[in-house]
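The lines below spell out each chain.
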Amino acid sequence: MITKETKTPQDGTQNQSPVRHFNVYSIERSKGKTIPYSRRDFYKVTLLTNHCILHYASRSIEITQPALIFSNPLVPYAFEHLSEVKEGYFCIFTEEFLKSGDRMDNVHDVPMFKIGGTPVFFLNDKQVLYVESLFQRMLEEIETEYVYKYDLLRNHVNLLIHEALKMQPEISAFIHQNAASRIASLFLELLERQFPIDSPGQVLKLRNASDYAVNLSVHVNHLNYAVREITGKPTTVHITNRIVNEAKALLLHTDWSISEIAYSLGFQYPTYFNNFFKKKTGATPLSLRK
């Protein structure tokens, strides 16, 4: 379960400011368990000590020694473990959690979280001991009732970031033999990560092929060619169909207003959404809802 941070004023009343999500896990202890966190909302810092391959955007990086790995939720990634033993730690958190310390304007500006950056930092023995100690302290701290424990946990995350900033990123990435297939697969995965839209306040971040190309660190022409070659459909068709399907689901299964649905799907004005929906489905949003 994701731990939610709330601030409690001295008078004992609960502060109504938004919750800030954070949790930390031991990979060995979480073996065989499902770790419940939103695939699109959470940043992740991982310490891995076993042999594996990180598939990140259109690249793959072989992890041959202990490494500190930073994951951006907008970039598809997956670990291909090459050894039976999985050891290490990871913590997950929202951008709001990290920014609430008032030390950072935008987590996207942190080099290891930047789109197109290299997220892997190989560690020596001394660094492994230090990073392990940070994760172990976080595991202990999150179980306490200390009222300011999230300030401490945030400081520990910042220590992980600064430890990585002192090192040069690992750049020995290799390209998959079937690059088109890999890019198309990453695009489809990233497309699905944008959905479902859970609340009217959640706005669709990636709306066109150029947005996806930036997040996958490829030229938009390369993305369009790969997607069409592998799927037989243009990138824009996949995006449009997914938005239409989400619009139908929101119209049929929520009580949100047409305006709220339009804004959450990235339309500046409800009329734009109405015209888009009618063009693609032959019906207006209101008629579908009725």
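Residues numbered from 1 in each chain as written. Predicted model: local features only at pLDDT ≥ 70, side-chain atom pairs only at ≥ 80, totals over all residues. Heavy atoms only, no water.

## Quick look at the confidence of the model for the protein chain
1) Next: With 81% of its residues at a pLDDT of 70 or more, the protein chain has an overall mean of 81.
2) Next: Note on residues 1-19: pLDDT under 50 across the span, and 37 contacts to partners over four residues away in sequence or across chains.
3) Next: A low-confidence stretch, residues 171-175 (pLDDT under 50), is modelled with 10 contacts involving residues beyond four sequence positions or located in other chains. (pLDDT = per-residue confidence, 0-100. Contact = heavy atoms within 4.5 Å.)

## Here's the deal with the side chain of T240
1) Next: Relative to the elements of secondary structure, T240 occurs in helix α7 (residues 235-253).
2) Next: A polar contact is formed between the side chain of T240 and the backbone oxygen of T236, at a distance of 2.8 Å.
3) Next: Sequence-distant contacts of T240, defined by excluding residues within four places in its chain, comprise F276 and K280. (Helix = DSSP H or I, 4+ residues; strand = E, 2+ residues; numbered from the N terminus. Polar contact = N/O pair within 3.5 Å; in protein donor to acceptor, adjacent residues only side chain to side chain.)

## Here we look at the packing of helix α4 (residues 179-193) against helix α6 (residues 220-231)
1) Next: At their nearest, the axes of α4 and α6 sit 8 Å apart, and the two run at 95° to each other. Here α6 runs roughly perpendicular to α4, going by the angle between their axes. For the pair α4 and α6, the contacting residues are A180, S181, I183, A184, F187 and L188 in the first and H222, L223, A226, V227, E229, I230 and T231 in the second.
2) Next: When its residues are assigned to classes, the contact of α4 with α6 shows 9 nonpolar, 3 polar and 1 charged. (Axes fitted to C-alpha atoms, helices over the stretch in contact; angles between N-to-C directions. Parallel < 35°, antiparallel > 145°, perpendicular 65-115°, else oblique. Nonpolar A, V, L, I, M, F, W, Y, C, P; charged D, E, K, R; others polar.)

## Observations concerning unusual backbone geometry
1) Next: Looking along the chain, the bond that leaves F195 and enters P196 is cis, with omega of 0°.
2) Next: Among the secondary structure elements, P196 is positioned in the loop between α4 and α5 (209-216).
3) Next: Here the phi dihedral of S217 falls at roughly 60°; this positive angle occurs in a residue that is not glycine.
4) Next: Along the chain, S217 turns up in the loop between α5 and α6.

## Quick notes on the packing of α4 against α7
Think of two packed helices as two axes; the pair is described by the angle between the axes and how far apart they sit.
1) Next: Running from N to C, α4 and α7 cross one another at 25°; their axes reach a closest spacing of 11 Å. Compared by their axis directions, α4 and α7 come out roughly parallel. Considering only the axes of α4 and α7, their crossing is right-handed. Packed against α4, whose contacting residues are F187, L188, L191 and E192, the element α7 presents T235, H238, I239 and R242 at the interface.
2) Next: Partitioning the contact of α4 with α7 into residue classes produces 4 nonpolar, 2 polar and 2 charged. (Left-handed = near helix turned anticlockwise from the far one by under 90°.)

## A short note on the packing of aromatic side chains
1) Next: Inspection of the entire model under this criterion finds 15 aromatic pairs.
2) Next: Aromatic pair F273 and F277: ring centres 5.9 Å apart, planes at 45°, arrangement tilted. Taken together, the residues F273 and F277, both in helix α9 (residues 270-281) and 4 residues apart, mark about one turn of the helix.
3) Next: On the accessibility criterion, F273 (0% relative accessible area) is buried.
4) Next: F277 sits in the buried class, given a relative accessible area of 1%.
5) Next: Here the aromatic residues F22, Y43, F70, F93, F97, F113 and F121 are joined through ring pairs into a cluster of three or more.
6) Next: In this structure, K44 is placed above the aromatic ring of F90, and the distance from its NZ or CZ to the ring centre is 4.5 Å. (Phe/Tyr/Trp six-rings, centres within 6.5 Å; stacked < 30°, edge-to-face > 60°. Buried < 20%, exposed > 50% of the residue type's maximum accessible area, 1.4 Å probe, protein only. Lys NZ or Arg CZ within 6 Å of the ring centre and 35° of its normal.)

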